Amino acid sequence: MFILKRQDVEVSSVQHPKSGQQIPILTYQGQTFRLITVFNAQQADEARAFWRELTDNRGKACVLLEEEERYSVWGKVRLEQLKENLHAGASGDVAPFFTQACLLLLQAVYFDVEDLLGTKQAGSFQKELANILSQWRFPQAEQPQQVKKWLEIDPLEDPSVPNWQEHHLITLLQELHRLGKSYFGNASFTERALDILEDMEASEKNQFLDWMRKSPLGKLWTVA
């Protein structure tokens, strides 16, 4: 539909009535769009390909927002309808085990850094991760001590797993992939990390992997 620059649009948010989370909203020429997914600055080709897939092949009304540090794809929505959907529960929420799976992958990469590269590099990794989650305003992860908690808990047993939405999970795994490549020099770590999902219930693991395949994450994490 459109490829836009940051100065062309207004980005705001609406509050989820139940969770209190802020839902990003983009406004352009009187039209409103809701965030679908985010790509980092090195993924320009992937971002444009995903946007074209939605607009050209699926007939979706979407915009691609190009910024220096990231690319993001937004889907057209009526603000009144969005608010109705939020009150009805159709908010982009995902099953809790999706967040559990993402935390398992996060921990797997972190411990891989610690085991193979040492505690100093693991400390740097943790600081970079905390900066990313703070920048993207992840609920319950805006402070370094909160991020430390998510690196240490057992996501499959701890009831305090955060209530992150789909766009949070996609952003987390995209940034985790970028961080992993910067520390290891290649993407070989993804195969090792994915092995940790064997700890999940088989049906939940398969649902999560199917979701990854259908998102921009499938190629990044080489999900078969």
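Throughout, a residue's number is its position along its own chain's written sequence, starting from 1. Residues qualify for local features only when their pLDDT is at least 70, as the model is predicted, and side-chain atom pairs are given and counted only at 80 or more; totals for whole chains, interfaces and linings, by contrast, use all residues. Calculation of side-chain values draws on the structure's entire complement of heavy atoms; hydrogens and water are dropped beforehand.

### Description of the overall build of the chain
To be explicit about the condition: We count a stretch as a helix when DSSP gives it H or I for four or more residues in a row; a strand needs E for two or more, and each element gets its number in order from the N terminus. Buried means the residue's accessible area, taken with a 1.4 Å probe over protein chains only, is under 20% of the maximum for its type, while exposed means over 50%, and partly exposed covers the values in between. Whether two residues are in contact is decided by their heavy atoms: any pair within 4.5 Å suffices.
Within the chain, the regular secondary structure consists of nine helices and six strands. The proportion of buried residues among the 224 residues of the chain is 49%. The contacts of the chain with a sequence gap of at least 6 include a subset with a gap of at least 24, amounting to 66%.

### A few points about the confidence of the model for the chain
To keep it simple, the criterion reads: pLDDT expresses how confident the predictor is about each individual residue, on a scale running from 0 to 100.
Summarising the model, the chain shows a mean pLDDT of 84, and 88% of its residues fall at 70 or more. The spread of mean pLDDT over the elements of the chain runs between helix α2 (residues 79–88), the lowest at 57, and helix α3 (residues 96–117), the highest at 94. Overall, residues 87–91 carries pLDDT values under 50, and its contacts beyond four positions in sequence, including any with other chains, amount to nine contacts.

### Considerations on helix α4 (residues 119–135)
Going by this rule: Any helix carries an expected span of 1.5 Å times its number of residues minus one.
Over its 17 residues, α4 runs 24 Å from end to end, which matches the ideal 24 Å to within 8%, given 1.5 Å per residue. Where the residues of α4 are buried, they touch α3, α5 (144–152) and α6 (166–184). Looking one or two residues beyond α4, the residue adopting positive phi is R137, at roughly 55°.

### Considering the pattern of salt bridges
Put simply, the test is: Salt bridge, as used here, is a side-chain nitrogen of Lys or Arg placed within 4 Å of a carboxyl oxygen of Asp or Glu.
Scanning the entire structure with this criterion turns up 11 salt bridges. Where E66 meets K5, a salt bridge forms, and the shortest distance between an N and an O atom there is 2.8 Å. With a gap of 61 residues between them, E66 in strand β5 (residues 62–66) and K5 in strand β1 (residues 2–5) connect regions that are remote in the sequence. Of the residues examined, E66 reaches a relative accessible area of 13% and is grouped as buried.

### Details of the nonpolar core
Going by this rule: For the purposes of this section, nonpolar cores are sets of buried Ala, Val, Leu, Ile, Met, Phe, Trp, Tyr and Cys residues that join through side-chain atoms within 4.5 Å.
Counting 47 residues, the largest nonpolar core has L173, L197, F208, W211 and W221 as its most contacted members. Of all the secondary-structure elements, those providing two or more residues to this core are α3, α4, α5, α6, α7 (189–194), α8 (202–214) and α9 (217–220). No other element matches α3, which puts 12 residues into this core. Setting aside its immediate chain neighbours within four residues, W211 contacts F98, E166, L169, I170, L173 and L217.

### Digging into the environment of I3
With respect to the helices and strands, I3 occurs in strand β1. For I3, a relative accessible area of 40% corresponds to the partly exposed category. Considered as a pair, I3 and C62 are 59 residues apart in the sequence and their alpha carbons are 9.1 Å apart. I3 has contacts with W51, L64 and E66, leaving out every residue within four places of it along the chain.

### Brief notes about the packing of α4 against α6
So the rule is basically this: Axes here mean lines fitted to C-alpha atoms, for a helix over just the part in contact, with angles spanning 0 to 180 degrees between N-to-C directions. An angle counts as roughly parallel when it lies under 35 degrees, as roughly antiparallel when it exceeds 145, as roughly perpendicular when it falls between 65 and 115, and as oblique in every other case. Note on convention: the crossing is left-handed when the near helix lies turned anticlockwise from the far helix by less than a right angle, right-handed when the turn is clockwise. The nonpolar class holds Ala, Val, Leu, Ile, Met, Phe, Trp, Tyr, Cys and Pro. Asp, Glu, Lys and Arg form the charged class, and all remaining residues, Gly among them, are polar.
Axis separation between α4 and α6 bottoms out at 11 Å; the angle between their running directions is 150°. What the angle tells us is that α4 and α6 run roughly antiparallel. Remark: the crossing between α4 and α6 carries right-handed chirality. Contact residues: Q121, S124, F125, E128, L129, I132 and L133 in α4; L172, E175, L176, R178, L179 and Y183 in α6. Within the contact of α4 with α6, the residues separate by chemical class into eight nonpolar, two polar and three charged.

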